[in-house]
Amino acid sequence: MSITSAPFGVTRSGRPVTAYTLTNSHGCKAVVLSFGGTVQSLIVPDRDGHPTDVVLGYDSVEKYETSSCFYGAFVGRYANRICGSRFPLDGREVRLTPNMRQDHLHGNFSFEVYDAAVEGNSLVLRRTSPDGEDGYPGAVTLTITYTLTEQDGLVMDYQATTDRPTVINLTNHSYFNLSGHASGTALDTVLQLNASRITEIDGKGIPTGVIRDLSPEDPFNFTVSKPIARDIEADDPQLRFGGGYDHNFILDLPSLETPVATAVSPRSGILMDVYTTQPAVQFYSANAIQHDQAGHGKEGTAYPRRGGFCLETQHYPDSPNHPDFPSTELRPGEVYRQVTEYRFSISD
């Protein structure tokens, strides 16, 4: 296991950005940026042993600063959507900075530069989000640890503390294409999710509060493996609202021992297992990346609609406005910690 570093440009505000390359003894490589904690590249061998970059992204920090897609980014202070950019906390209303019309999406952690250090076989990024950033109460101290294992897994360990009551929901927003980032759509990816329920959404992508049980014939049922393409155009209001899949799947059993999701490319043979302590995962079929305001991706690639997919492990969207959803509150003296691993192999 080795970790090397190299410059990756300078932000518009003049801050230098460093790219850290984590490499294991099998030749798997993960490139993580100090800008946004971004997974810029993730190279694993295909069934023929050819190195394959399986995440979408950019070749310059300038494009990451102007992107509307959050390629590979560390996301927070609250992953996903908060309705009306407001929520109640301890008897008062917290108002956030709207960034998706009148609603709030993700926050600004993806656009910050982090202090980075190599500690043993891991890359550790740190930053303190100040009280009031994006409207969130409390100064939140963040530690994000990336480890590339000898089992070809990229482990992301998120920890946070606060000096005032707040809410927090952290994830990674990598878009995967297991046939290679420049290989066209990922619709032929065969996906399995250990999730028999979803949170339904309205036309803005905000949870309605309805938990939908997935019957065997439901187009959202991935408990048995199927290609992403199979039901994506089904006549279902939820698919119309999302423009495809863009929904919070409630995991039947979060686990770091048993995969909560498995994706396989029939073209490359690359298989990805996902493990997590989080209660849910946002499955997004990249329905709008063709409109990315930053333009072409790595190697000049024009990523097409549905040219990748996200499996963003998380708590439920808009939880602060739904008391029956699992709580995302963090209070002084508590430690927020969540762990997710994306592990790669070759399918049989």
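Look up: the structure comes first, before these words.
1. Some words on the sheet that holds strand 24 (residues 280-284)
One open sheet holds the five strands; their spatial order is 19-18-21-24-25, and the pairing between them is antiparallel. At either end of the open sheet lies a strand with only one pairing partner, and these are strand 19 (207-213) and strand 25 (310-314). Each strand axis lies, on average, 30 degrees off the axis of its neighbour in the sheet, ignoring direction. Bridging between strand 18 (residues 197-201) and strand 21 (residues 246-250) involves three bridges; their strand directions are antiparallel. Its bridge partner being in strand 21, Arg197 is matched across the sheet by Ile250.

2. Here's the deal with the packing of aromatic side chains
Under the definition given, this model contains 20 aromatic pairs. Geometrically, the ring pair formed by Tyr58 and Tyr71 is tilted, given 5.2 Å between the ring centres and 55 degrees between the ring planes. Note that Tyr58 is positioned in the loop between strand 5 (51-53) and helix 1 (61-66) and Tyr71 in the loop between helix 1 and strand 6 (74-75), a separation of 13 residues in sequence. Taking the centre distance of 4.8 Å and the plane angle of 75 degrees together, the rings of Tyr71 and Tyr175 count as edge-to-face. Within this pair, whereas Tyr71 is found in the loop between helix 1 and strand 6, its partner Tyr175 is found in the loop between strand 16 (171-172) and strand 17 (190-193), the two being separated by 104 residues in sequence.

3. Some words on the pairing of strand 25
Most of strand 25 is tucked away, with five of its five residues classed as buried. By the alternation rule, side chains of strand 25 split into Cys310, Glu312 and Gln314 and Leu311 and Thr313, which are all buried. With five bridges joining them, strand 24 and strand 25 adopt antiparallel strand pairing. The partner of Ala280 across the bridge, within strand 25, is Gln314.

4. With respect to the side chain of Asn221
Along the chain, Asn221 falls in the loop between strand 19 and strand 20 (226-227). Residue classification places Asn221 among the buried residues on the basis of a relative accessible area of 9%. Among the polar contacts listed, one links the side chain of Asn221 to the backbone oxygen of Ser215, at a separation of 2.8 Å. Aside from chain neighbours lying at most four places away, what touches Asn221 is Leu214, Ser215, Pro216 and Lys226.

5. Examining the environment of Pro16
Inspection of the secondary structure assignment puts Pro16 in strand 2 (residues 16-23). We classify Pro16 as exposed; its relative accessible area is 60%. Leave out the neighbours within four places in its chain, and Pro16 touches Gly9, Val10, Ser34 and Val113.

6. Points about the pairing of strand 13 (residues 140-148)
Looking at chain direction, strand 12 (residues 122-129) and strand 13 are connected through eight bridges and run antiparallel. Each residue of the ladder has a partner; that of Arg126, found in strand 13, is Thr143. Of the pairings in the sheet, the one linking strand 13 to strand 14 (residues 153-162) comprises nine bridges and is antiparallel in character. Its bridge partner lying in strand 14, Leu148 is registered against Leu154.

7. Overview of the environment of Ile43
Within the secondary structure, Ile43 is located in strand 4 (residues 39-45). Excluding anything up to four places from it in sequence, Ile43 contacts Gly27, Cys28, Lys29, Pro51, Thr52 and Asp53.

8. Quick notes on the sheet that holds strand 22 (residues 261-264)
Across the sheet, nine strands lie side by side as 11-12-13-14-27-23-22-17-20; this open sheet has antiparallel pairing. Either end of the sheet is taken by a strand with one partner, and the two such strands are strand 11 (115-119) and strand 20. Summarising the sheet, strand 23 (residues 270-276) and strand 27 (residues 336-346) pair through seven bridges and their orientation is antiparallel. Paired with Ile270 across the bridge in strand 27 is Ile346.

Calculation rules
Residues numbered from 1 in each chain as written. Predicted model: local features only at pLDDT ≥ 70, side-chain atom pairs only at ≥ 80, totals over all residues. Heavy atoms only, no water. Pairing = 2+ DSSP bridges. Helix = DSSP H or I, 4+ residues; strand = E, 2+ residues; numbered from the N terminus. Axes fitted to C-alpha atoms, helices over the stretch in contact; angles between N-to-C directions. Phe/Tyr/Trp six-rings, centres within 6.5 Å; stacked < 30°, edge-to-face > 60°. Buried < 20%, exposed > 50% of the residue type's maximum accessible area, 1.4 Å probe, protein only. Polar contact = N/O pair within 3.5 Å; in protein donor to acceptor, adjacent residues only side chain to side chain. Contact = heavy atoms within 4.5 Å.

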